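The lines below spell out each chain.
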Amino acid sequence: MPLLSDVITALDTLWPRERAEDWDAVGPVCGDPDAEVNGVLFAVDPVREIAEEAVALGVSLLVTHHPLYLRGTTTVAADTFKGRVVHTLISNGIALHVAHTNADRADPGVSDALAGALGLRVTGPLVPDPTDPAGRRGLGRLCVLDRPLSLGAFAALAAARLPGTAQGVRAAGDPDAPVRTVAVCGGSGDSLFAEVRAAGADAYLTADLRHHPASEAREHAPLALLDAAHWATEWPWCQQAAAQLDAVSERNGWGLATHVSHRVTDPWTAHQPSPSLRVSEGAPN
Ligand SMILES: [Zn+2]
């Protein structure tokens, strides 16, 4: 069995920590580097139910995309929900490791997994990493559909292919407009509209699109927008990451058991569509 330090070296090779954004908090959160690792659970969010799933599976390492602590803390007391996660993990001999914006920018990265889940062919990064001579790393991905679809059909395909959430997929644009090229960005992507427009994509699929950026993007250009649940756009990375670690484990003869959490940790749990797209009598304005 490998030591945690061996597995962390492998994770750092896949997603080098120095490629994370300055504001990010990636790498080990808790765990003894000299402890042996038998199995690994991959998940998007380091929340209570994921920590409990790791305990139930008996794994010794949890790898999440989102950081547990993004800013400094002065307590890991178990009367805070984050402290409770730390206690659950440490008292069960489980380490926690985070690969966040370093996994976003990697090759393959979070948006490659998203494109793969949607059956899209990636042609390159939306925002290339200037330090990558091969031009494959960076934020977001530009993709083509081998067979063009209408926006309505593409939205239906995205809703069917991404893991199920209460939100599903919202779309903005003419449902009959043809979609041939798509920009995708796993997670919150509303800072990349300028790059999406410059790339000339027919549609942009990301998460957490807010009113003003979405409205302005629609006014600027005939760009169709698709907004999926944040968790759903990043979950495909867990499968990709587990397969990458499986390959490392096989090369090294580690025999690691890898698992991907299927628990939906998107915070939204219900979605009630309006009965009609009109302002009804007496509605607030
Ligand atoms: Zn995210």
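Below: a short report on this structure. Keep in mind that what you see is a predicted model, and the values were worked out from it rather than measured. (Residues numbered from 1 in each chain as written. Predicted model: local features only at pLDDT ≥ 70, side-chain atom pairs only at ≥ 80, totals over all residues. Heavy atoms only, no water.)

1. Regarding the coordination of the zinc ion
In step 1: On the protein side, the zinc ion has His66 (NE2), His230 (NE2), Glu234 (OE) and Glu234 (OE) as donor atoms, found 2.0 to 2.2 Å from it.
In step 2: Taken together, the four donor atoms coordinating the zinc ion and their angles of 58 to 132° define a geometry best described as irregular.
In step 3: Mapped onto the sequence, the donors of the zinc ion take the spacing H-x163-H-x3-E. Of the two residues, His230 and Glu234 both sit in helix α9 (residues 230-252), four residues apart, roughly one turn of that helix. The pair His230 / Glu234 is uniform in exposure class, with both members buried. (Donors = N, O, S within 2.8 Å, 3.2 Å for Na, K, Ca; no water. Tetrahedral: all angles 85-135°; square planar, octahedral: opposite > 155°, others 65-115°. Helix = DSSP H or I, 4+ residues; strand = E, 2+ residues; numbered from the N terminus. Buried < 20%, exposed > 50% of the residue type's maximum accessible area, 1.4 Å probe, protein only.)

2. What about the packing of helix α1 (residues 4-14) against α9?
When two helices pack together, their arrangement is given by the angle between the helix axes and the distance between those axes.
In step 1: Viewed as axis vectors pointing N to C, α1 and α9 meet at an angle of 125°, and their least axial separation amounts to 11 Å. As judged from the angle between their axes, α1 and α9 are oblique. Between α1 and α9 lies a crossing whose hand is right-handed. The segment α1 lies against α9, with Val7, Ala10, Leu11 and Leu14 engaging Gln244, Leu245 and Val248.
In step 2: Here the contact of α1 with α9 is built from residues that sort into six nonpolar, one polar and no charged. (Axes fitted to C-alpha atoms, helices over the stretch in contact; angles between N-to-C directions. Parallel < 35°, antiparallel > 145°, perpendicular 65-115°, else oblique. Left-handed = near helix turned anticlockwise from the far one by under 90°. Contact = heavy atoms within 4.5 Å. Nonpolar A, V, L, I, M, F, W, Y, C, P; charged D, E, K, R; others polar.)

3. A short note on the sheet that holds strand β4 (residues 95-98)
In step 1: Pairing is mixed in the open sheet, where five strands are placed in the order β1-β4-β3-β2-β11. Since the sheet does not close on itself, it has two edges, and those belong to β1 (27-30) and β11 (257-260), each with one partner. Strand-to-strand, the axes of this sheet are offset by a mean angle of 25°, without reference to chain direction.
In step 2: Pairing between strand β2 (residues 39-43) and strand β3 (residues 61-64): four bridges, direction parallel. Bridged to Phe42 within β3 is Val63.
In step 3: Here α9 sits on the sheet in contact with β2, β3 and β11, set at roughly 175° to β11. (Pairing = 2+ DSSP bridges.)

4. Examining the packing of aromatic side chains
In step 1: Going through the model one piece at a time under the given rule, you end up with four aromatic pairs.
In step 2: Measuring from ring centre to ring centre gives 6.3 Å for Trp231 and Trp235, while their planes differ by 40°; the resulting arrangement is tilted. Of this pair, Trp231 and Trp235 both sit in helix α9, four residues apart, roughly one helical turn. Accessibility assignment for this pair places Trp231 and Trp235 in one class, buried.
In step 3: Joined through ring pairs, the aromatic side chains of Trp15, Phe42 and Trp237 make up one cluster. (Phe/Tyr/Trp six-rings, centres within 6.5 Å; stacked < 30°, edge-to-face > 60°.)

5. Brief notes about the environment of Val59
In step 1: Position of Val59 relative to the elements: it lies in the loop between α2 (48-57) and β3.
In step 2: By relative accessible area, which is 4% here, Val59 ends up buried.
In step 3: Separated by 199 residues in sequence, Val59 and Thr258 place their C-alpha atoms 8.6 Å apart.
In step 4: When near neighbours in sequence (up to four residues on either side) are disregarded, Val59 contacts Asn38, Gly39, Val40, Leu41, Ala54, Ile94 and His259.

6. So, the sheet that holds strand β10 (residues 224-228)
In step 1: Taken in spatial order, the six strands line up as β5-β6-β8-β9-β10-β7 in an open sheet, and their pairing is mixed. Single-partner strands in this sheet number two, and they are β5 (121-128) and β7 (169-172). Across this sheet, the average inter-strand angle for adjacent strands is 25°, counted without regard to direction.
In step 2: Two strands pair when backbone bridges link them, and β5 and strand β6 (residues 138-150) are joined in this way by six bridges, in the antiparallel orientation. Its bridge partner being in β6, Arg121 is matched across the sheet by Val144.
In step 3: Sheet contacts for helix α6 (residues 151-161): β6, β7, β8 (178-188), β9 (203-207) and β10; angle to β6, the most-contacted strand, approximately 120°.
In step 4: The strands touched by α9 within the sheet are β8, β9 and β10, with β8 carrying the most contacts at an inclination of about 90°.

7. Here we look at the pairing of β4
In step 1: Taking every second residue as pointing to the same face, both faces of β4 are buried, with Ala95 and His97 on one and Leu96 and Val98 on the other.
In step 2: Sheet topology places β1 next to β4; three bridges connect them, and they run antiparallel. Directly across from Cys30, in β4, lies its bridge partner Leu96.
In step 3: When β3 meets β4, the two strands line up parallel, connected through four bridges. Bridge pairing in β4 places Leu61 opposite Ala95.
In step 4: In the classification by handedness, the crossover that spans β3, the intervening helix α3 (residues 81-91) and the parallel β4 is right-handed. (Right-handed = clockwise from strand over helix to strand, strands pointing away.)

8. Focus: the side chain of Ser249
In step 1: Positionally, Ser249 belongs in helix α9.
In step 2: A polar contact of 3.3 Å, which involves the side chain of Ser249, links it to the backbone nitrogen of Gly255.
In step 3: Contact partners of Ser249, with chain neighbours within four places excluded, come to Trp254, Gly255 and Leu256. (Polar contact = N/O pair within 3.5 Å; in protein donor to acceptor, adjacent residues only side chain to side chain.)

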